[in-house]
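As a plain string of letters, each chain reads:
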Amino acid sequence: MYFWGHNKPIATMCAGIDFLRRLLGNEVLRREYETLTPASYCCDTKRNIFYTPAFRMTRSLYD
């Protein structure tokens, strides 16, 4: 919570979004998440949060 409290960037990938949602609320990047591909990312500039689904949306670690 140090990063959140000091407005530092928070970056996560794959299932990390689930942990952030438990801490910050279920609506964190909810709308943005729906249009992501494994190679893309989204951000919430107001909260300074960055996320990529990476291999969460594919069955291949290569993708």
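Residues numbered from 1 in each chain as written. Predicted model: local features only at pLDDT ≥ 70, side-chain atom pairs only at ≥ 80, totals over all residues. Heavy atoms only, no water.

**Student:** What should I look at first to understand the sheet that holds strand β3 (residues 49-52) in this one?
**Tutor:** Working definition: the strands of a sheet are paired by backbone hydrogen bonds and lie parallel or antiparallel to each other. With respect to topology, 3 strands assemble into an open sheet ordered β1-β3-β2, the strand pairing being mixed. Strands at the two margins of the open sheet, each flanked by one partner only, are β1 (10-13) and β2 (42-44). Looking at each pair of strands side by side, their axes are set apart by 15° on average, direction ignored. Sheet analysis places β1 next to β3, joined by 4 bridges and oriented parallel. (Pairing = 2+ DSSP bridges. Helix = DSSP H or I, 4+ residues; strand = E, 2+ residues; numbered from the N terminus. Axes fitted to C-alpha atoms, helices over the stretch in contact; angles between N-to-C directions.)

**Student:** Just checking my understanding: could you explain the nonpolar core for this structure?
**Tutor:** The nonpolar side chains of a soluble globular protein tend to be buried with one another. Residues I10, I17, L20, L24, V28, L29, Y33, L36, C42, I49 and Y51 constitute the largest nonpolar core, which totals 11 residues. Secondary structure elements with two or more residues in this core: α2 (16-24) and β3. Here Y51 is in contact with T12, M13, C14, I17, L29, Y33, L36, S40, Y41, C42 and R56, once residues within four sequence places are set aside. (Core = buried A, V, L, I, M, F, W, Y, C linked by side-chain atoms within 4.5 Å. Buried < 20%, exposed > 50% of the residue type's maximum accessible area, 1.4 Å probe, protein only. Contact = heavy atoms within 4.5 Å.)

**Student:** Quick question: what am I supposed to make of α2 here?
**Tutor:** Side chains of residues three or four places apart in an α-helix project in the same direction, reflecting 3.6 residues per turn. G16, I17, L20, R21 and L24 are the residues of α2 that are buried. Projected down its long axis, α2 carries its buried residues within an arc of 140°, all on one side. Seen from the open side of α2, the exposed residues pointing more than 90 degrees away from its buried face are F19 and R22. The inward-facing, buried residues of α2 abut α1 (2-5), β1, α3 (30-33) and β3. Following α2 by one or two positions, G25 has its phi on the positive side, about 115°. (Arc of directions from axis to C-beta.)

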